[in-house]
Amino acid sequence: MKQLPQEYYDLLEELQTVDFVIVELTLYLDTHPDDMEAIQQFNTFVKNRKHIKKQFEKQFGALTNYGYSYSQYPWDWKEAPWPWQV
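Residues numbered from 1 in each chain as written. Predicted model: local features only at pLDDT ≥ 70, side-chain atom pairs only at ≥ 80, totals over all residues. Heavy atoms only, no water.

Visitor: I'm lost on the packing of aromatic side chains in this one. Help?
Guide: Aromatic rings considered in pairs are described by the distance between their centres and by the relative angle of their planes. Per the counting criterion, the structure on display carries four aromatic pairs. Between tyrosine 8 and phenylalanine 60 the ring centres are 5.1 Å apart and the planes differ by 80°, which places this aromatic pair in the edge-to-face class. Separated by 52 residues along the polypeptide, tyrosine 8 in helix α1 (residues 6-31) and phenylalanine 60 in helix α2 (residues 36-60) bring together distant segments of the chain. Residue class for phenylalanine 60 comes out partly exposed when judged on its relative accessible area of 24%. Seen from their ring centres, phenylalanine 56 and phenylalanine 60 are 5.3 Å apart, and the 50° between their planes marks the pair as tilted. On the criterion of helical spacing, the pair formed by phenylalanine 56 and phenylalanine 60 is a turn pair, its members being four residues apart in helix α2. Relative accessible area serves as the criterion here: at 1%, phenylalanine 56 is assigned to the buried category. (Phe/Tyr/Trp six-rings, centres within 6.5 Å; stacked < 30°, edge-to-face > 60°. Helix = DSSP H or I, 4+ residues; strand = E, 2+ residues; numbered from the N terminus. Buried < 20%, exposed > 50% of the residue type's maximum accessible area, 1.4 Å probe, protein only.)

Set out below in structure tokens:
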């Protein structure tokens, strides 16, 4: 497996942290749908996630397959490690 820079792990951890918050806010909003502050927090974290994902993929390649991420040239999905392998 190829050597990855520390920034790879830092960005991946940041993305995982934001994903956790989004899941928790989703569960909360399922039972508190009128909580405007929670909705605003949710939207902020979703926007932040998109930014982190874009930054990660620009530097290190796709996070997901099947049309959820753009591909770099040449096609690099076959290149390991994949995010779930680190």
